[in-house]
Amino acid sequence: QMNIVVIMITLAIFIGLIIFLLTLSKSITTSKFSNLYVTNLLISTMRADTGYYNDPNCKTVSDLIKCAFFTPTWKCGDNGPECKEYANLTLDTLMKRYHLSKKNFRYLLIVDPLSGAVKEPTGETSRLTFGDESLLKSRTRKLPATYYIEVPSGYMIYHLRVRLIISD
């Protein structure tokens, strides 16, 4: 009879351990993982080098986005491409590199000032978009992430909000 009691206690411990591990594994859902992935993708993209190490306006992708937002016709390096054109090319290349496994992958990167202080001559707030703009109206599952860039300008500091929206 003592053997049966020991076996039952051991069996109860194993069943309790299995239930504990199953509830622990459900706490990390696919949605949380996907949001973390998109956030890390945006941060990695913003910190990626562009190859123009001597030009502070074009050194990293975040520098390139600042340049494309405020001075889109600035030439990277001595005779390189313009900031806005090079930002579009670089972001497209990086997004394709990061998502070789996804066939239906689409992305949209939106850059706008946080304060709304930067205005177009028409009175509208300036905004840059890179990628597939139809993603805004699409009804597919979208995963967003946000990154902020500080841009000192004289006595003012502008804050740009960079939003990455991906759909798979």
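Residues take numbers from 1 onward in each chain, read along the sequence in its written order. Local features in this predicted model are restricted to residues of pLDDT 70 or higher, and side-chain atom pairs are both shown and tallied only at a pLDDT of 80 or more, whereas totals for entire chains, interfaces and linings draw on every residue. Here the side-chain values reflect all heavy atoms present in the structure, with hydrogen atoms and water set aside.

## Some points on the packing of helix α3 (residues 61–70) against helix α4 (residues 83–98)
In plain terms, the rule: Note on definitions: angles span 0 to 180 degrees between N-to-C directions of axes, and those axes are lines fitted to C-alpha atoms, for helices only across the stretch in contact. Going along the chain from the N terminus, every DSSP run of H or I of four or more residues is numbered as a helix, and every run of E of two or more is numbered as a strand. Note on convention: the crossing is left-handed when the near helix lies turned anticlockwise from the far helix by less than a right angle, right-handed when the turn is clockwise. When checking whether two residues touch, look at their non-hydrogen atoms; a contact exists if any pair is within 4.5 Å. The classification used treats Ala, Val, Leu, Ile, Met, Phe, Trp, Tyr, Cys and Pro as nonpolar, Asp, Glu, Lys and Arg as charged, and all other residues, Gly among them, as polar.
Where α3 meets α4, the closest approach of the two axes is 8 Å, and the angle between their N-to-C directions is 145 degrees. Between α3 and α4 lies a crossing whose hand is left-handed. Where α3 approaches α4, its residues V61, L64, I65, C67 and A68 are matched on the opposing element by C83, K84, Y86, A87, T90, L91 and L94. When its residues are assigned to classes, the contact of α3 with α4 shows 10 nonpolar, one polar and one charged.

## Observations regarding α3
Which entries qualify depends on this criterion: With a 1.4 Å probe rolled over the protein chains alone, any residue whose accessible area is under 20% of its type maximum counts as buried; one over 50% counts as exposed, and the rest are partly exposed.
Most of α3 is tucked away, with eight of its 10 residues classed as buried. Three or more residues of α3 are buried, namely V61, S62, D63, L64, I65, C67, A68 and F69.

## Description of the packing of aromatic side chains
Quick note on the threshold: Each Phe, Tyr or Trp ring (for Trp, its six-membered ring) is paired with any other whose centre lies within 6.5 Å, and the angle between the two planes then decides the class: stacked below 30 degrees, edge-to-face above 60, tilted in between.
In this structure the tally under the stated criterion is three aromatic pairs. With a centroid separation of 5.3 Å and 85 degrees between ring planes, the pair formed by Y52 and Y86 is classed as edge-to-face. Of this pair, Y52 sits in the loop between α2 (30–47) and α3 while Y86 is found in helix α4, placing the two residues 34 residues apart along the sequence. Taking 5.1 Å as the distance between ring centres and 75 degrees as the angle between the ring planes, the aromatic pair formed by F69 and F70 counts as edge-to-face.

## A look at the environment of E133
Residue position: E133 is located in the loop between β2 (128–131) and β3 (142–153). Owing to a relative accessible area of 51%, E133 belongs among the exposed residues under this scheme.

## What to know about α4
Condition: Given the number of residues in a helix, its expected span is that number minus one, multiplied by 1.5 Å. Directions from the helix axis toward the C-beta atoms define the arc.
Taking 1.5 Å per residue, 16 residues should reach 22 Å; α4 reaches 22 Å between its end C-alpha atoms and fits that length. Restricting attention to buried positions, one finds in α4 the residues C83, Y86, A87, T90, L91, L94 and M95. What you see down the axis of α4 is that its buried residues fit within an arc of 155 degrees, all on one side. Among the exposed residues of α4, those pointing more than 90 degrees away from its buried face are E85, L89 and K96.

## As for the pattern of salt bridges
In plain terms, the rule: The salt bridge definition used is simple: a Lys or Arg side-chain nitrogen within 4 Å of an Asp or Glu carboxyl oxygen.
With the rule as written, the count across this model stands at five salt bridges. Between D132 and R106 there is a salt bridge; the shortest N-O distance is 3.2 Å. Placement of the pair is D132 in the loop between β2 and β3 and R106 in strand β1 (residues 106–113), with a sequence separation of 26 residues. Take D132: its relative accessible area is 25%, and that puts it in the partly exposed class. Salt bridges sharing common partners tie together D112, R161 and R163.

That's the geometry; what it means functionally is another story.
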